[in-house]
Amino acid sequence: MVLLFLCVYKLKLIDIVPLARDKIVEDMDDIVMVFDSNKRLVDLNKSAQRTLSASREELIGKEAEYVISMCPEINELIYGGKKQKMCEKFGKYFDVRVTPLRDEGNVEVGRILIARDITDLRRYQSELENLNKNLEIEVKRRTEYIQKLLDQKNDFIKQLGH
């Protein structure tokens, strides 16, 4: 038993960090796609497969333009200098970020795309904007009503003075 412990933990024959990292990325709700320096897809998680309605086997090795054809404006993130963009597709909103992957020599070897579904956030934002608009209308209405009451009070005071 001690020998097994030494082999596993001291000699690091089984490293749990890569296993845990793979599990986390694979099961996260955010879309994760990794492109190589030639802008070909080399990895993606389950969320990306669900969103793209395609299997890993169908997508690995394909050009970014093909993979992201559902939202072409994201291509400028993969091919260009921008790092973040919002994309609306299928009635959903995504906050899309692309980060360069660099090797030890700081040479770009690929890019990682992470897209977060912000549909609920956008809906809440829209609801909040509508509530604010309604509040402004109500404040204006009540302010006008108060002004009318003040005018009536002033007219009444004037009449008392005569």
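Use the structure listed above.
Note that the coordinates shown come from a computational prediction; the quantities given were computed from them, not determined experimentally. (Residues numbered from 1 in each chain as written. Predicted model: local features only at pLDDT ≥ 70, side-chain atom pairs only at ≥ 80, totals over all residues. Heavy atoms only, no water.)

Engineer: Please set out the pairing of strand β2 (residues 41-44) residue by residue, giving values where relevant.
Structural biologist: Relative to β2, strand β1 (residues 31-36) is paired through 3 bridges, and the arrangement is antiparallel. If you follow methionine 33 over to β2, its bridge partner there is leucine 44. The hairpin turn running from β1 into β2, its antiparallel successor, is 4 residues long, and lysine 39 in that turn takes a positive phi close to 65°. (Pairing = 2+ DSSP bridges. Helix = DSSP H or I, 4+ residues; strand = E, 2+ residues; numbered from the N terminus.)

Engineer: Can you lay out the sheet that holds strand β5 (residues 108-117) for me, pointing to particular residues and giving the numbers?
Structural biologist: What holds strands together in a sheet is hydrogen bonding between their backbones, with the strands either parallel or antiparallel. Strand order in this open sheet of 5 strands is β2-β1-β5-β4-β3, and the pairing throughout is antiparallel. Of all the strands in the sheet, the pair left with one neighbour each is β2 and β3 (84-89). Across the sheet, the mean angle separating the axes of adjacent strands is 25° when strand polarity is ignored. (Axes fitted to C-alpha atoms, helices over the stretch in contact; angles between N-to-C directions.)

Engineer: Account for the pattern of salt bridges, with residues named and values stated.
Structural biologist: Charged atoms that come close allow side chains of opposite charge to pair. The final tally for this structure, using the stated rule, is 10 salt bridges. As a salt-bridge pair, glutamate 127 and arginine 123 come within 3.7 Å of each other at their nearest N and O atoms. With glutamate 127 and arginine 123 both in helix α7 (residues 119-161) and 4 residues apart, this pair spans about one turn of that helix. Since its relative accessible area comes to 40%, glutamate 127 is described here as partly exposed. A residue is classified by how much of its surface remains accessible, and arginine 123, at 40% relative accessible area, is partly exposed. Note that arginine 141 is salt-bridged to glutamate 138, the shortest N-O span being 2.5 Å. (Salt bridge = Lys/Arg side-chain N within 4 Å of Asp/Glu carboxyl O. Buried < 20%, exposed > 50% of the residue type's maximum accessible area, 1.4 Å probe, protein only.)

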